[in-house]
Amino acid sequence: MAKHILVLHGPNLNMLGVREPGIYGHQTLADIDARLSQLCVEQDAGCAVFQSNHEGELVDRIQAARHDETEFIIINAGAYTHTSIAIRDALAAVGIPFIEVHLSNVYKRESFRHHSYLSDQAVGVIAGLGPAGYEAALRYALAH
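Residues numbered from 1 in each chain as written. Predicted model: local features only at pLDDT ≥ 70, side-chain atom pairs only at ≥ 80, totals over all residues. Heavy atoms only, no water.

Mapped onto the present numbering, the UniProt feature "binding site: substrate" (unreviewed entry) falls on Asn76, His82, Asp89, Leu103, Ser104 and Arg113. On the basis of their most widely separated C-alpha atoms, the annotated residues across 38 residues do not gather in one place, lying as much as 24.4 Å apart. The annotated residues contributing to the lining of the largest pocket are Asn76, His82, Leu103, Ser104 and Arg113. With respect to the helices and strands, Asn76 occurs in strand 3 (residues 72–76). Along the chain, Arg113 turns up in the loop between strand 4 (98–102) and strand 5 (124–127). A relative accessible area of 16% means that Arg113 is categorised as buried. (UniProt positions renumbered as here; feature names shortened; annotations may be inferred. 1 Å grid on protein atoms, 1.4 Å probe; cavity = no way out; pocket = protein on both sides within 12 Å on 5 of 7 lines; lining within 4 Å. Helix = DSSP H or I, 4+ residues; strand = E, 2+ residues; numbered from the N terminus. Buried < 20%, exposed > 50% of the residue type's maximum accessible area, 1.4 Å probe, protein only.)

Taken as a whole and judged by the stated rule, the model has three salt bridges. In this structure, Arg35 and Glu135 form a salt bridge, with 3.5 Å as the shortest nitrogen-oxygen distance. Of this pair, Arg35 sits in helix 2 (residues 29–42) while Glu135 is found in helix 5 (residues 131–143), placing the two residues 100 residues apart along the sequence. Of the residues examined, Glu135 reaches a relative accessible area of 21% and is grouped as partly exposed. Residues Arg88 and Asp120 are paired through a salt bridge, measuring 2.6 Å at the closest nitrogen-oxygen approach. Highlighted residues: Arg88 in helix 4 (residues 85–94) and Asp120 in the loop between strand 4 and strand 5, separated in sequence by 32 residues. Taking relative accessible area as the criterion, Arg88 reaches 22% and is therefore assigned partly exposed. (Salt bridge = Lys/Arg side-chain N within 4 Å of Asp/Glu carboxyl O.)

Moving on: the layout of surface pockets. By volume, the largest pocket amounts to about 170 Å³. Contributing to the lining of the largest pocket are 15 residues, with Arg19, Tyr24, Gly78, Ala79 and Arg113 lying nearest its centre. Here the residues of the lining of the largest pocket are counted per class, giving six nonpolar, six polar and three charged. (Points joined across faces, edges and corners; volume = space filled by probe spheres on them. Nonpolar A, V, L, I, M, F, W, Y, C, P; charged D, E, K, R; others polar.)

Attention now moves to the UniProt feature "active site" (unreviewed entry) in the protein chain. UniProt marks Tyr24 and His102 with the feature "active site" (unreviewed entry), using the numbering shown here. Separation in sequence by 79 residues is not matched in space for these annotated residues, since their most distant C-alpha atoms are only 9.5 Å apart. Restricting the annotated residues just mentioned to those that line the largest pocket leaves Tyr24 and His102. Filtering out sequence-adjacent residues up to four positions away, Tyr24 remains in contact with Leu16, Arg19, Leu103, Ser104 and Arg109. Looking at the element boundaries, His102 is found in strand 4. For His102, a relative accessible area of 6% puts it in the buried group. Ignoring any residue separated from it by four or fewer positions in sequence, one finds His102 in contact with Asn76, Thr81, Val125, Ile126, Ala127, Gly128 and Leu129. (Contact = heavy atoms within 4.5 Å.)

The following block contains the structure:
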């Protein structure tokens, strides 16, 4: 049976490729999503992607995952990782396993980025691998 994976991107990730390329690299979000979609096709899996700069839209999409066959979530909540109890509560409410992904190594950055409201609920956390972190998360989710 095909797996159904949801990939969520939080605020400012739509600016990848132009936003601080020294930290986030030169790949665009479209590049990352295309690669993930390709991997899903190769594995005969369903892969939905969603990006929003708005916390409530991310919460709504997480809640919708309860009813759309999503079996695993990969989330880069961006800055909401460090601030959003609402996203944490939504992930807890749906009970779908998830991996938290960060393009940069948040532990080499400002101290406020060291705390995550999501990590203790996540199956795992991947940080600092750039776009390859999403691919690693997807490969794990497909095997999970």
